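Below are the chains, spelled out letter by letter.
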Amino acid sequence: MTDQVLLLAVGLSVGLLLLVVLMILTMCCLRMKKKKQGQYQELISTVPSVPSHSAPVIPVSQGVSARPDEIPFSLPPRFIPQITGFVRDDENKENENEKGMTADTQRDILAHRGSLSVRSWYPVGSVLTGLYSVTPLNEVVPPPLGMATRLCFSVEYRHSSEQLVVSLLRLGNLLPQFHSNLTLVELRLLPDDRRPRQAKARGTGPDPEFNDCLIFQVSAVCVLRSTLTMCVLSVEKDAKRHAVGRVLFPLEGELGQAGRVLWRDLDPEEETQCSELGDVQISLSYSSSLQRLSVVVLRARGLQLVTEAGVCVQVSLQIHTQMVKTMRSCVMKGEQDPIFNYRMTFKLRPQHLDDACLRFQLQQPNDSCSDSPALLGVLVLGPFMYARGLQLQHWMDMINKAQEPVKLWHRLSTAI
């Protein structure tokens, strides 16, 4: 019994001794760590002295007042680098280095003369945050004055319902002659969906607003190879229309960010005034049930005649690169503004409406039969594959207005 009590007492004594030693070691470690931190903070807070050969020191205060929409901008301290932690230990070596200073170091010191050296942050002004703000994707910002007429819209494709949603927002910098007119926009999705959608502006002036949403039903496969065409029209009080311009917007690669606001310049349309080579008036109509394309060359004006031999019109139907049929009118003698009224028909299936085009050539026959006729001008009417502008618009109107003649004046161009 006595031996057990003795062993218990010895065990308790050893345990207490180990506990005391552990506590002493812990306190020593904490004290050494605290001492090192104090030395490090003292070294960091030490402000290096500015040499006598540097520029004057400007003491400034830290307090800078700024408005809520401004960010204070300050110049950071500038010092000639020194290692302050070792300067005190080796002052003699520093004096020797200063005496034996090289020419390069002297040039560096001279370069610092006249520069600004400060002990603390020096306020030089403030930064206006409004100048550097980023416009959100869904915010409409009008274009600067003096630029071309621009159309503001956004495009989004909804995969769940296979719908292309086009939001027309506004026009910017509309030409002054159209400020008092009604503004319309006709949208088509080429080449598959030819039926136009129309949006009407809710006001007049230089920047009319639409805030209208139009939907095209199109599959995800077809939408990537489609092109959205938007034609801007100005309508007078007597219902006379003027083409302001159009935007051709290929959808491939443009459907990544939904709701992104886009600004696009309008490609201006040619007015119906006479061109350099002259103009020709064409009437088109198509009957899908009869698979018949009817063409009437009505008249021409402003032709640049080469001889007095007269003028004729040659019309060709082309499918892809193949000339299917060619017809030629009779020769109108010696008239600069001839009236043809030449009517012709072509057999054309509905599935070829996106692959076919009409090519018009105004010619002057030569006196000698061996020579080829002189070419006065060329016109091509057809789908998106062949034509743009009014030529494309005429072809689309012919398809949408079944069995109804559509007449338009077109400018002649040089041979393609």
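Residues numbered from 1 in each chain as written. Predicted model: local features only at pLDDT ≥ 70, side-chain atom pairs only at ≥ 80, totals over all residues. Heavy atoms only, no water.

Student: It is not clear to me how the overall build of the chain should be interpreted in this structure. Could you clarify?
Tutor: Looking only at helices and strands, one finds six helices and 21 strands in the chain. Within the chain, contacts between residues separated by at least 24 positions form 68% of all contacts whose residues are at least 6 apart in sequence. Of the accessible surface of the chain, which amounts to about 25800 Å², a share of 55% is contributed by carbon and sulfur atoms. (Helix = DSSP H or I, 4+ residues; strand = E, 2+ residues; numbered from the N terminus. Contact = heavy atoms within 4.5 Å. Areas by Shrake-Rupley, 256 points an atom, 1.4 Å probe, with all protein chains shown as cover.)

Student: Explain the side chain of Ser316 to me, please; I cannot follow it from the model alone.
Tutor: Within the secondary structure layout, Ser316 lies in strand β16 (residues 312-319). Here Thr326 takes part through its side chain, which lies 3.1 Å from a polar atom of the side chain of Ser316. Ignoring sequence-local partners within four residues, the contact set of Ser316 consists of Met323, Lys325, Thr326, Cys357, Leu358 and Arg359. (Polar contact = N/O pair within 3.5 Å; in protein donor to acceptor, adjacent residues only side chain to side chain.)

Student: In this structure, what is going on with the nonpolar core? I would like to understand it.
Tutor: Looking at soluble globular proteins, one finds that nonpolar side chains tend to be buried together. Grouped together as the largest cluster of nonpolar side chains are 36 residues, with contacts concentrated most on Leu293, Leu358 and Phe360. Counting residues per element, the ones that place at least two in this core are β14 (279-287), β15 (292-301), β16, β18 (339-347), β19 (356-364), β20 (374-381) and α6 (389-400). By residue number, the principal contributor to this core is α6, which donates five residues. With near-sequence residues (within four places) excluded, Leu358 lies in contact with Leu284, Leu293, Val295, Val315, Ser316, Leu317, Phe346, Leu379, Val380, Leu381 and Trp395. (Core = buried A, V, L, I, M, F, W, Y, C linked by side-chain atoms within 4.5 Å. Buried < 20%, exposed > 50% of the residue type's maximum accessible area, 1.4 Å probe, protein only.)

Student: Got a minute to help me understand the state of the cysteines in this structure?
Tutor: Here, disulfide denotes a covalent bond that connects the sulfur atoms of two cysteines. Within the structure shown, the criterion is met by zero disulfides. Between Cys330, a free cysteine, and Cys312, which holds the nearest cysteine sulfur, the sulfur-to-sulfur gap is 8.9 Å. (Disulfide = S-S within 2.5 Å.)

Student: In this structure, what is going on with the sheet that holds strand β17 (residues 322-328)? I would like to understand it.
Tutor: Note on sheets: strands pair through backbone hydrogen bonds, and any given pair is parallel or antiparallel. Spatially, four strands are ordered β17-β16-β19-β20 in an open sheet, and the strand pairing comes out antiparallel. Single-partner strands in this sheet number two, and they are β17 and β20. Looking at each pair of strands side by side, their axes are set apart by 20° on average, direction ignored. In the sheet, β16 pairs with β19 via eight bridges, with the strands oriented antiparallel. Bridging from a neighbouring strand, Leu317 pairs with Leu358 of β19. Sitting on the sheet, α6 is in contact with β19 and β20, with an inclination near 55° to β20. (Pairing = 2+ DSSP bridges. Axes fitted to C-alpha atoms, helices over the stretch in contact; angles between N-to-C directions.)

Student: I'm lost on the sheet that holds strand β21 (residues 406-411) in this one. Help?
Tutor: The antiparallel open sheet is built from four strands, whose spatial order is β18-β15-β14-β21. The open sheet terminates on both sides in strands that have one partner only, identified here as β18 and β21. Going from strand to strand, the sheet's axes swing by 25° on average, the running direction of each strand aside. Here α6 sits on the sheet in contact with β14, β15 and β21, set at roughly 165° to β21.

Student: Sorry if this is basic, but what is going on with a nonpolar patch on the surface here?
Tutor: Taken together, the side chains of Leu6, Val10, Val14 and Leu18 present a nonpolar region at the surface, about 390 Å² in accessible area. Mapped onto the fold, Leu6 is located in helix α1 (residues 2-45). On the basis of relative accessible area, Leu6 is assigned to the exposed category, the value being 56%. (Patch = residues over 30% accessible without salt bridge, like charges linked within 9 Å, V, L, I, M, F, W, Y side chains within 5 Å. Salt bridge = Lys/Arg side-chain N within 4 Å of Asp/Glu carboxyl O.)

Student: What is the right way to read the pairing of strand β10 (residues 227-235) from this model?
Tutor: Look at any regular strand and the pattern is simple: side chains alternate between the two faces of the sheet. Burial within β10 is extensive, with nine of its nine residues counted as buried. Taking every second residue as pointing to the same face, both faces of β10 are buried, with Thr227, Thr229, Cys231, Leu233 and Val235 on one and Leu228, Met230, Val232 and Ser234 on the other. Summarising the sheet, strand β7 (residues 182-190) and β10 pair through nine bridges and their orientation is antiparallel. Within β10, the residue paired with Leu189 across the bridge is Leu228. Here nine bridges tie β10 to strand β11 (residues 241-250), and the two strands are oriented antiparallel to one another. Across the sheet, the residue bridging to Met230 is Val247, located in β11.

Student: Help me understand the pattern of salt bridges, please; the structure alone is not making it clear to me.
Tutor: All told, the structure shown has seven salt bridges when counted by the stated rule. Arg188 is paired through a salt bridge with Asp397; the nearest N and O atoms lie 3.0 Å apart. Within this pair, whereas Arg188 is found in strand β7, its partner Asp397 is found in helix α6, the two being separated by 209 residues in sequence. Residue classification places Asp397 among the buried positions, given a relative accessible area of 15%. Taken together, the shared-partner salt bridges in this structure form one network comprising Glu186, Arg188, Arg241 and Asp397.

Student: Even after reading the chapter, I still don't get the packing of aromatic side chains, so can you show me in this structure?
Tutor: Two descriptors summarise a pair of aromatic rings, namely the distance from one centre to the other and the angle between the planes of the rings. Applying the stated criterion across every chain yields a total of one aromatic pair. Plain terms: the ring middles of Phe153 and Phe249 are 5.3 Å apart, the flat faces sit at 85° to each other, and that makes the pair edge-to-face. Pair noted here: Phe153 is in strand β5 (residues 150-158) and Phe249 is in strand β11, with a separation of 96 residues, a long-range link. What makes Phe153 buried here is its relative accessible area of 0%. What makes Phe249 buried here is its relative accessible area of 2%. The ring of Trp409 carries Arg301 above its face, with NZ or CZ at 4.1 Å from the centroid. (Phe/Tyr/Trp six-rings, centres within 6.5 Å; stacked < 30°, edge-to-face > 60°. Lys NZ or Arg CZ within 6 Å of the ring centre and 35° of its normal.)

Student: What exactly am I supposed to notice about the pairing of β17 here?
Tutor: Both β16 and β17 contribute to a ladder of six bridges, which runs antiparallel. Paired with Gln314 across the bridge in β17 is Arg328. Once β16 ends, the chain turns through two residues before running back antiparallel as β17, passing His320 with a positive phi of about 60°.

Student: It is not clear to me how α6 should be interpreted in this structure. Could you clarify?
Tutor: Given 3.6 residues per turn, any residue in an α-helix points the same way as the ones three and four places further on. In this model α6 runs 17 Å from its N-terminal to its C-terminal C-alpha over 12 residues, within 8% of the 16 Å that 1.5 Å per residue would give. If you check which residues of α6 are buried, you get Gly389, Leu392, Gln393, His394, Trp395, Met396, Asp397, Met398 and Ile399. (Expected span 1.5 Å × (residues − 1).)

Student: Sorry, what's going on with the environment of Thr321 here?
Tutor: Structurally, Thr321 is set in the loop between β16 and β17. Here the alpha-carbon distance between Thr321 and Asp355, two residues 34 residues apart in the chain, equals 9.4 Å.

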